[in-house]
Amino acid sequence: MTDANALNQASCPRVVVLSLASDFGCQIQITNFPELLAMVGTIDLSYWQLATSADMPDSYDVAVIEGAVTLDEHVRLLQQVRKTAGVVIAIGACAVTGGVPGLVGTGDLDTARDLVYGEDATIVKQHRLVPAPVSSVIEVDYRVPGCPIDPAEFSALLQQALLGARERLDRTPLCAACQTIENPCFWLRGKACLGLVTRTGCGALCLSRDRACTGCRGIAADANLESARRYLREGGFDVKAFDKALEVYNTYEVNEVARS
Amino acid sequence: MTKLNIHHIARIEGHGNVAVEVKNGRLTKVQMQAIEPARFFEAMVKGRTIDEVPIIVSRICGICSPNHTVTSIQALEDAIGLSVSRRTEQLRYLLVYGSYLCNHASHLYLLSGPDFLGLPSVFPLAETAPEVVSRALSLKKLGNDVITAVGGRPVHPVSAVVGGFTDEPSRNHLRRLAARLRAAVREAAATVELFASFDIPEYEPEHEMLALKSEGTYAITRGEVAALRAGWTRPARDYHEFIHETPVASGNAKFSQTDGAPFMAAAIARVNINWAELTPSARVAAAGAGLRAVVRNPFLNNLCQAIEMVDACERCAALCEELAESDGDSKPRDWTVAKAAGGAGATEAPRGTLYHSYRVSKAGKVTAGDVITPTAQNLACLEADLHAFAARITDADPEEFKLRIEQLVRAYDPCLSCAVH
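Residues numbered from 1 in each chain as written. Chains lettered and ligands numbered in written order. Predicted model: local features only at pLDDT ≥ 70, side-chain atom pairs only at ≥ 80, totals over all residues. Heavy atoms only, no water.

K.L.:
I'd like a description of helix α4 (residues 86-117) of chain B, backed by residues and values.
P.N.:
Given 3.6 residues to a turn, an α-helix orients residues that are three or four positions apart in the same direction. All names here are of chain B. The terminal C-alpha atoms of α4, which comprises 32 residues, lie 44 Å apart, in line with the 46 Å expected from a rise of 1.5 Å per residue. Of all the bends found along α4, the most pronounced is centred on Leu108 and spans about 35°. By the criterion of burial, α4 is predominantly enclosed, with 29 of the 32 residues buried. Immediately beyond the C-terminal end of α4, within one or two residues, lies Gly118, with a positive phi of roughly 70°. (Helix = DSSP H or I, 4+ residues; strand = E, 2+ residues; numbered from the N terminus. Expected span 1.5 Å × (residues − 1). Bend = angle between axes of the 7 residues up to and from the residue. Buried < 20%, exposed > 50% of the residue type's maximum accessible area, 1.4 Å probe, protein only.)

K.L.:
Tell me about the pattern of salt bridges, residues and numbers included.
P.N.:
Taken as a whole and judged by the stated rule, the model has 39 salt bridges over all chains. Arg128 of chain A is paired through a salt bridge with Asp110 of chain A; the nearest N and O atoms lie 3.1 Å apart. You can see Arg128 of chain A sitting in strand β6 (residues 128-132) and its partner Asp110 of chain A sitting in helix α6 (residues 109-117), a full 18 residues away along the chain. Among the residues examined, Arg128 of chain A registers a relative accessible area of 15% and is labelled buried. A salt bridge links Arg234 of chain B to Glu241 of chain B, with the nearest nitrogen and oxygen atoms 3.1 Å apart. Salt bridges sharing common partners tie together Arg11, Asp115, Lys402, Glu406 and Arg410 of chain B. (Salt bridge = Lys/Arg side-chain N within 4 Å of Asp/Glu carboxyl O.)

K.L.:
Could you give an account of the interface of chain A and chain B, with specific residues and numbers?
P.N.:
Reports of interface size often rely on the accessible area that becomes lost once the parts have come together. The interface is formed by 51 residues belonging to chain A together with 64 residues belonging to chain B. For the pair chain A and chain B, the two sides together bury roughly 4700 Å², of which 61% comes from carbon and sulfur. Linking chain A to chain B there are 2 salt bridges. Seen at the junction of chain A and chain B, the total is 18 residue pairs in polar contact (both at pLDDT 80 or more). Contributing elements (two or more residues each) for the side of chain A that touches chain B: α2 (25-31), β2 (44-48), β4 (69-71), α6 and α10 (239-259) of chain A. (Contact = heavy atoms within 4.5 Å. Buried area = accessible area lost by both parts, 1.4 Å probe. Polar contact = N/O pair within 3.5 Å; in protein donor to acceptor, adjacent residues only side chain to side chain.)

K.L.:
Before we move on, can you summarise the packing of helix α12 (residues 374-392) of chain B against helix α13 (residues 398-411) of chain B with the specific residues and values?
P.N.:
Residue and element names in this part refer to chain B. Where α12 contacts α13, the two axes come as close as 10 Å, and the packing angle between them is 150°. Taken together, the axis directions place α12 and α13 in an arrangement best described as roughly antiparallel. Seen from above, α12 lies across α13 with right-handed handedness. Between α12 and α13, the residues in contact are Leu382, Asp385, Leu386, Phe389 and Ala390 and Phe401, Arg404, Ile405, Leu408 and Val409, respectively. The residue inventory of the contact of α12 with α13, partitioned by class, reads 8 nonpolar, no polar and 2 charged. (Axes fitted to C-alpha atoms, helices over the stretch in contact; angles between N-to-C directions. Parallel < 35°, antiparallel > 145°, perpendicular 65-115°, else oblique. Left-handed = near helix turned anticlockwise from the far one by under 90°. Nonpolar A, V, L, I, M, F, W, Y, C, P; charged D, E, K, R; others polar.)

K.L.:
Run through the packing of aromatic side chains, naming residues and quoting values.
P.N.:
Residue and element names in this part refer to chain B. On inspection of all chains with the given rule, the structure shows 15 aromatic pairs over all chains. Between Tyr93 and Tyr97, the ring centres sit 5.6 Å apart and the planes meet at 75°, which makes this aromatic pair edge-to-face. Pair noted here: Tyr93 and Tyr97 are both in helix α4, with a separation of 4 residues, about one helical turn. A relative accessible area of 10% places Tyr93 in the buried class. Summarising the aromatic geometry, the rings of Phe116 and Phe198 are spaced 4.7 Å apart at their centres and angled 5° between planes, so their arrangement reads as stacked. You can see Phe116 sitting in helix α4 and its partner Phe198 sitting in the loop between α7 (171-196) and β6 (208-213), a full 82 residues away along the chain. Looking at Phe116, the relative accessible area reads 18%, which means it is buried. Above the plane of the ring of Trp232 lies Arg234, whose end atom (NZ or CZ) is 5.9 Å from the centre. (Phe/Tyr/Trp six-rings, centres within 6.5 Å; stacked < 30°, edge-to-face > 60°. Lys NZ or Arg CZ within 6 Å of the ring centre and 35° of its normal.)

Treat this as a map of the structure, not an account of what it does.
Here is the structure:
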């Protein structure tokens, strides 16, 4: 390899986009951000199954992963990816927290399969796992939470990642940010809202449309679940319903906490 | 014996393989395998609240989430006996039909178009035909902007709920959208011209086709189900009686039949069944493309999608104008659950009719759910077409054979995350 080639490769990192169990919504969000297409000149988007029929290359620098881990095959793929890629980015609730696919983990997987396909069905041949985030299998360098991701947040993070900046994931719950933009509080209106414990950074998009937070960005690192429950109990709210609502995006973490 | 296994077909939504075997020049096996991992949505919704279910099932599919949201809401409203305002109905129509613009533009330009141009992806076009890429992106953006105006964001709308909308666009916002939609009719018509110029194989199977039908409109969010060949029309809520889904051993999506045979539900079915309802510009575009009802060639499904984009621009523009100038209210209506009951709903998604049904308990919990997606309906028909079509081209060289097979798959615009769910 000539020096010029090495330089070219260094300045144009190879990026691959992969998906596990998901609805492809985060990849759709990437296509919804034309500015990202402008980055095509600065990155070598060499594998993106959704957009091109080229094969996956043997070597790449950055792997962007959407979807929850639900199969043995996913575990093997992720281990391979971790060996190959310098940078691993998990995008979307499925990849970051297990997301909605994780919800099936509130019950028994075989029961779920029988309910959907019938008891004598032999169709789901792959070995299925309790849905889990990517970070439960391999080390993840960067996470873009949310269901779906905000493409601008992803684009900014991808550029930071290429420059080698450290991950700076928001730690605080959404509540404070939501109050700053003066959205009327759901709790004060007697309605449940998961913004109390959910990672901020979404700009309170749902709340600004008068929808309560459903927790898609995951439980905030600084959230105090016990204190939140106590506050709700004292306020006469249904704590069980609150815990049940948390499951929609955070079953994996809720189960982990219960196990530990 | 020759085996062709196309693993993870690119430029479709979700994971799918095609397996073909040819023995002594004869086709012995063709399988369309949906290998997308099952997520078990029907199991997930059990025990969840009525409000949570549309949020959960929207995640079946990132690309037709407006449909899953609206269809589940309508099925749940049917179960609890709640009717909604005319304005809510109109906004739902706009939310869903507006999504066709980004869906069809993405599929036509980003996913299936490169096949006809002999390209691996759309990216090289940015240099050779920038005006085509810019048209694709502007139509897609317009669709996203319509969904965002009504639903709050392009993927997984937030403001559509049981009973109405928690928020709606301002009158001025609607007027601006109307003007942009009117201007985009031209761009959509250019898409029809582009796809009409591509060579497609001659192939005219005699499948049944099903789509919603509703007198006086291009049926998208309400209507009865019409069968093109058999000529019957039935209430959508009885879908379990005329669509039969069975698990198959070759993949994780169930295959469907009606009247004992595979059928197609897609743009081609809608254009055929609702031909008389197309807007004037859509009819002009169809005539210019040389299209006549009945359209049977599945490769023409892409052209039908382009015609729907013309119809969608013109019809959504008129709807935005009406919403901007008319009074009315879309605020969520209050509701209670009087008794345990079941309900069903159907809408036309970009890829065909989408059916949802639920049972709810008196306590307001969902106790059972069922979803039949367009691609789950189309897979049996696609496999039959792959079989019949592959048999005709067994002499083609392997590269050409593979391309033709993939082209047929993409003509159907399958969404395997939907099909498996």
